[in-house]
Amino acid sequence: MTAFTSYQTRVENALTQWLPDEQSTPTTLHQAMHYAVLNGGKRLRPLLVYLTGEYFAASLDQLDVAASCVEMIHSYSLVHDDLPAMDDAALRRGKPSCHKAFDEATAILVGDALQAHTFYVLLDRGHQLNIADRNLLAMANELTFAISSYGMAGGQALDMNLAHIQQAEDCLEIHRLKTGALIKASVLMGAYTADIHDENTLQKLRDFADCLGLAFQIQDDILDITASTETLGKPSGIDATHDKKTYPQFVGLDVARQEVDALYSKSDAILKSITSDGDRGAFDDLLSFLKTRTF
Ligand code: IPE
Ligand code: IPE
Ligand code: MG
Ligand code: MG
Ligand code: MG
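Keep in mind that this is a model prediction, so the values were computed, not measured.

**Some points on the overall build of the protein chain**
Scanning the protein chain for helices and strands turns up 15 helices and 2 strands. The C-alpha atoms of the protein chain give 18 Å as radius of gyration, which agrees with the globular expectation for 295 residues (19 Å, within 12%). In terms of overall dimensions, the protein chain has a C-alpha envelope of 50 × 50 × 35 Å along the principal axes. Put simply, the protein chain has 295 residues, and 55% of those count as buried. Residue pairs in contact within the protein chain that sit at least 24 positions apart in sequence constitute 71% of those at least 6 positions apart. Counting every atom, the protein chain has about 12,400 Å² of accessible surface; 51% of that belongs to carbon and sulfur. Averaged over its 24 positive side-chain charges, the protein chain has a centre that lies 3 Å from the centre of its 40 negative ones.

**Topic: helix H6 (residues 104–128)**
Taking 1.5 Å per residue as the helical rise, H6 with its 25 residues ought to reach 36 Å, and the 35 Å between its terminal C-alpha atoms agrees with that figure. Within the span of H6, buried status applies to Thr-106, Ala-107, Val-110, Gly-111, Leu-114, His-117, Thr-118, Phe-119, Val-121, Leu-122, Arg-125 and Gly-126. Asn-130 lies just past H6 and shows a positive phi near 60°.

**Focus: the site of ligand 1**
Every residue close to ligand 1 is listed here: Gly-41, Lys-42, Arg-45, His-74, Leu-78, Arg-93, Thr-179, Phe-216, Gln-217, Asp-220 and Lys-234. Here an oxygen atom of ligand 1 sits 2.7 Å away from a polar atom, N or O, in the side chain of His-74. The contact in question runs from an oxygen atom of ligand 1 to an N or O atom on the side chain of Arg-93, over 2.7 Å. Mapped by element, the contributors of at least two residues to the shell around ligand 1 are helix H4 (60–81) and helix H10 (199–226). Element by element, the count of residues in the shell around ligand 1 is highest for H10, at 3 residues. In the shell around ligand 1, the residues fall into 2 nonpolar, 4 polar and 5 charged.

**With respect to the coordination of the magnesium ion (ligand 3)**
Coordination of the magnesium ion (ligand 3) by the protein involves Asp-81 (OD) and Asp-87 (OD), with metal-donor separations of 2.2 Å. Metal-to-metal, the separation of the magnesium ion (ligand 3) and the magnesium ion (ligand 4) is 3.1 Å; Asp-81 coordinates the two. Here Asp-81 matches Asp-87 in class, with each residue buried.

**Thoughts on the nonpolar core**
Where a protein is soluble and globular, its nonpolar side chains tend to be buried together. With 87 residues, the main nonpolar core has Val-110, Leu-122 and Leu-143 as its most contacted residues. For this core, the element with the most residues is helix H9 (residues 168–193), which contributes 13 residues.

**What to know about the site of ligand 2**
Looking at ligand 2, the residues that line it are Ser-77, Leu-78, Asp-81, Asp-87, Arg-92, Met-152, Gln-156, Lys-178, Thr-179, Gln-217, Asp-220 and Lys-234. A distance of 3.1 Å separates an oxygen atom of ligand 2 from a polar atom in the side chain of Asp-220. Protein contacts shield 91% of the accessible area of ligand 2, which totals 390 Å² for the unbound molecule. Every element with two or more residues in the shell around ligand 2 is listed here: H4, helix H8 (152–160), H9 and H10. Sorting elements by how many residues they give to the shell around ligand 2 places H4 first, with 3 residues. Each residue belonging to the shell around ligand 2 can be placed in one class, and the counts come to 2 nonpolar, 4 polar and 6 charged.

**Comments concerning the pattern of salt bridges**
Considering all chains together, one arrives at 18 salt bridges under this definition. Asp-159 is the salt-bridge partner of Lys-244, the closest N and O atoms lying 2.6 Å from each other. A residue pair is termed long-range when its members are at least 10 positions apart, and Lys-244 in the loop between helix H12 (238–241) and helix H13 (247–251) and Asp-159 in helix H8 qualify at 85 residues. Of the residues examined, Asp-159 reaches a relative accessible area of 5% and is grouped as buried. The shortest N-O distance in the salt bridge between Asp-210 and Arg-176 comes to 2.9 Å.

Basis of the calculations
Residues numbered from 1 in each chain as written. Chains lettered and ligands numbered in written order. Predicted model: local features only at pLDDT ≥ 70, side-chain atom pairs only at ≥ 80, totals over all residues. Heavy atoms only, no water. Helix = DSSP H or I, 4+ residues; strand = E, 2+ residues; numbered from the N terminus. Rg over C-alpha atoms; globule rule 2.2 N^0.38 Å. Buried < 20%, exposed > 50% of the residue type's maximum accessible area, 1.4 Å probe, protein only. Contact = heavy atoms within 4.5 Å. Areas by Shrake-Rupley, 256 points an atom, 1.4 Å probe, with all protein chains shown as cover. Lys, Arg positive; Asp, Glu negative; His and termini not counted. Charge placed at Lys NZ, Arg CZ, Asp CG, Glu CD. Expected span 1.5 Å × (residues − 1). Near = heavy atom within 4 Å. Polar contact = N/O pair within 3.5 Å; in protein donor to acceptor, adjacent residues only side chain to side chain. Nonpolar A, V, L, I, M, F, W, Y, C, P; charged D, E, K, R; others polar. Donors = N, O, S within 2.8 Å, 3.2 Å for Na, K, Ca; no water. Core = buried A, V, L, I, M, F, W, Y, C linked by side-chain atoms within 4.5 Å. Salt bridge = Lys/Arg side-chain N within 4 Å of Asp/Glu carboxyl O.

Structural data, given as structure tokens:
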């Protein structure tokens, strides 16, 4: 991940600057928002924004907007995902989950507030940084849909409904929604910041992101079985605790691992069809990091 430290530092700086001031009222809510966001995540979704946007020649200053937005949404989704009514997880990113460090009501409000703040930052900072209206509109459209009941929230709803999960394909449908939709929006928002609207390119980027999203969540489910709580920074084995049948449980760990490899190879092939060898280095680094990730 060292190749990406500068992107991670950039998004951390933008988030620190653009989150509500921790000293402003209501201070507890604002402190909890900082706690939930500035807490050492891998920042994969911002990386996708930066890599895609820079590939298509967007400015880093403008990319900070979409990068911060997708990370605020992702962080909100983790806060709600950990709530007792959902996965009931006490640890996140190596620290007590938001509802443990604060309380449940605050954690619910952190999610509400982060979601709204995301769209404030997108429109307000987007205008300040001279991102064209049509690109801001395309980004808002992409992100709202991605986290709606047709995307992330819908996927989380299906994920909570154990009776819905009868076969491996049901898991993949859920992966596409709960995890894949935001990953796809991250790639697309990077492209829109670069003023890319060519449908052929956008569709290839969607296909690329679709493979990444599926592979990423299958890995998450594999790691839930094989990695320690200490390594993960979140409770290992929690899926089994909730009797949640995940993709590796249906097909076995070996087949699940083969599927992850196949999806990353497919994403690489799609990328090669829209990028030139000389300029693809950062994507190659990203794919090797993702293939070998341990948490
Ligand atoms: C965890 O996402 C939740 C999933 C969608 C699998 P990440 O593995 O990206 O978590 P952080 O942001 O690095 O903590
Ligand atoms: C969560 O999937 C996906 C979200 C939309 C937050 P998981 O429930 O498997 O994520 P972790 O394992 O808690 O990070
Ligand atoms: Mg969950
Ligand atoms: Mg969870
Ligand atoms: Mg998980």
